[in-house]
Structure formats: C-alpha cells, structure tokens
Amino acid sequence: MIGGLGHLGLQEDLSLSRVIVITSGKGGVGKTTTSASMGMGLAQKGHRTVVIDFDVGLRNLDLVLGCERRVVYDFINVINGEAHLNQALIRDKRCNKLSVLPASQTRDKDALSVEGVGQVLEELSKDHEYIICDSPAGIEHGALMAMYYADDAVVVTNPEVSSVRDSDRMLGILASKSQRAEQNREPITEYLLLSRYSPNRVVRGEMLSVADVQEILSLKMLGVIPESQSVLNASNSGIPVILDTQSDAGQAYQDMVKRYLGEELPMRFTSDKRGMFGRLFGG
C-alpha cells in the first residue's frame, strides 16, 4: 500500500532530477505517444532523460520508441533484483541522451512496490536530469506507483466531456496520494496537454474548445496536439512523432517541450484553417 511510506526519504536523493508523470483518467488519449515524444524532445535539447513504462502486463512504450527487439530485462526484473539497472536500460539509437526502461509483459502490476520504484528512481537520478513515468490510465495500482514520486504531472486529455471529467478526478488523486502530499510539501506541479484536437469539429460543436477544457480543469496549458494521421504512422514505425518535423503533431510536441523548459510560445493548431467561406459552406 502507498499510505504511510513518506519515511523512505527518497526525495532528497532525487532532488537533482525531475520526475515527470504522464497521466490521464481515461485510456487511449495519447500518454505513451506523449511520454516518448517528451522524452525525445528533452534529450534532443541535451538533457539526460529516461522514460519508464509503468504499464506492466501490456508494454507499449518500447514499440513506440522502436526498441522492442532489444528488450531482454525489464523494470520488474530490476525491482526484484534479477537484473542490474544498466542491463535493463535501452539507449535510444537516434539520441544517446535518451534511454527507456521497459515494462514486463508477463508480471502483474502488483509486482510494483513503493520501495522498489523508489530505489530504481534513486539510482536513475544519479545519471539523468529527467525521469518520465509513462502511467497506465486511471487510478489502479500501476498508475498510483507512477505518480507517487512525481515532481511534475502532465495530465493528457481529449476534448471530450468524459475524458475531461476523468482528468479532473485524476487531479484529486495527484493532490492527495503522492509522496509530496503525504509529507505536506509543495504539491506536484500540474500541466495540461490537450490531444487529438480538431478545430473543425469544435466549430461544429462536436468537441470541447481549448477554453472549455481550461475552464473546467484550470491547469496551465502545456500544449495542444492536433488530431493527425502522423501520430499513428509514427507509432506504427517505432518513431516518436516529435521527430516528424513536417507534421502539425510533431511541431506541437516540439512546442510542448520548449514550454516545459520555460519558453513562452503562442499556442498553434487551435484555429479552424478553412476560413470564413469554408465554414459557411462546409468546405
């Protein structure tokens, strides 16, 4: 159980690294795509970054990053002492500042423990500036493990009422179930990432607008990722979509990383490109 484990005192050891959880209340919103792209973006900026797959039993992060054939040991092997961390870490071939720690496909999520996760994060913090935790959806055990040690949370949501409502529920969990909350320290810094956004559908009243979502969740907007076939194409190719610099989605993820690192950028890809006559005549 998570409760009462604030005595582990791992935060001081992790102070040189920033632990980021990519989370959502609803599945299928783009968490793993976001984890892979944010990890790659930070690494391309020169920051030593590792992305950890917390979705034990499913394991998709290695597919999105195109390193599935190189998986020998996984996160659970390291927690259980069956392998050293450097045996399980996979260095990205495109950017040597990025590594991935894959999940196990054969274990149960209960194999994750607060102590075990904390020890792995503590070891990773010695060599990495950013540790990105790719969380399962919702509030089950794996998701709670992914967010427990977080300094920052990127809440990924689609512009749909059910997705936004579930994200609001997730904010309550982040505020109450983390180590920071248990130790009465400064809360997790929360950001909003709006994915699969279509301005045309917003105009037609088929999805919520950026303003609608921000009004409901009241979070700092880190980025708006447009609905794009390039996301699926990149995932199928094992390439983080942020590397597709010709696509709107790739550029939006690049903007997201820059904003996270402190740059002030206008929010692109949020308006209907068709113009007045196109909207009037359905073009």
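Residues numbered from 1 in each chain as written. Predicted model: local features only at pLDDT ≥ 70, side-chain atom pairs only at ≥ 80, totals over all residues. Heavy atoms only, no water.

(A) Fine view of the packing of helix α7 (residues 161-176) against helix α10 (residues 210-217). Contact geometry of α7 with α10 gives a least axis separation of 10 Å together with a crossing angle of 30°. If you check the angle between α7 and α10, you find them roughly parallel. By crossing handedness, the relation of α7 to α10 is classed as right-handed. Of α10, the residues touching α7 (which contributes Val164, Ser167, Asp168 and Leu171) are Val213, Ile216 and Leu217. Along the lines of polarity and charge, the residues of the contact of α7 with α10 split into five nonpolar, one polar and one charged. (Axes fitted to C-alpha atoms, helices over the stretch in contact; angles between N-to-C directions. Helix = DSSP H or I, 4+ residues; strand = E, 2+ residues; numbered from the N terminus. Parallel < 35°, antiparallel > 145°, perpendicular 65-115°, else oblique. Left-handed = near helix turned anticlockwise from the far one by under 90°. Contact = heavy atoms within 4.5 Å. Nonpolar A, V, L, I, M, F, W, Y, C, P; charged D, E, K, R; others polar.)

(B) Structural detail: the nonpolar core. Grouped together as the largest cluster of nonpolar side chains are 46 residues, with contacts concentrated most on Phe54, Phe75, Leu112 and Val117. Apart from residues no more than four positions distant in its own chain, Phe75 is found in contact with Ile52, Asp53, Phe54, Leu101, Pro102, Ala103, Leu112, Val117 and Val120. If you look at the next biggest cluster of nonpolar residues, it comprises 36 residues, including Leu61, Val71, Val156 and Tyr253. (Core = buried A, V, L, I, M, F, W, Y, C linked by side-chain atoms within 4.5 Å. Buried < 20%, exposed > 50% of the residue type's maximum accessible area, 1.4 Å probe, protein only.)

(C) Here's a closer look at the packing of helix α1 (residues 31-44) against helix α12 (residues 248-260). Taken N-terminus to C-terminus, the directions of α1 and α12 make an angle of 65°; their axes are 9 Å apart at the nearest point. Handedness of the α1/α12 crossing: right-handed. In contact with Thr33, Thr34, Ser37, Met38, Gly41 and Leu42 of α1, α12 contributes Tyr253, Met256, Val257 and Tyr260. Looking at the contact of α1 with α12 residue by residue, the classes come out as six nonpolar, four polar and no charged.

(D) Just α12, in detail. For α12, with 13 residues, the first-to-last C-alpha span of 18 Å sits near the 18 Å given by 1.5 Å per residue. Looking only at α12, the buried set comprises Ala249, Gly250, Gln251, Ala252, Tyr253, Asp255, Met256, Val257, Arg259 and Tyr260. Phi for Gly262, located one or two positions after α12, is positive at around 110°. (Expected span 1.5 Å × (residues − 1).)

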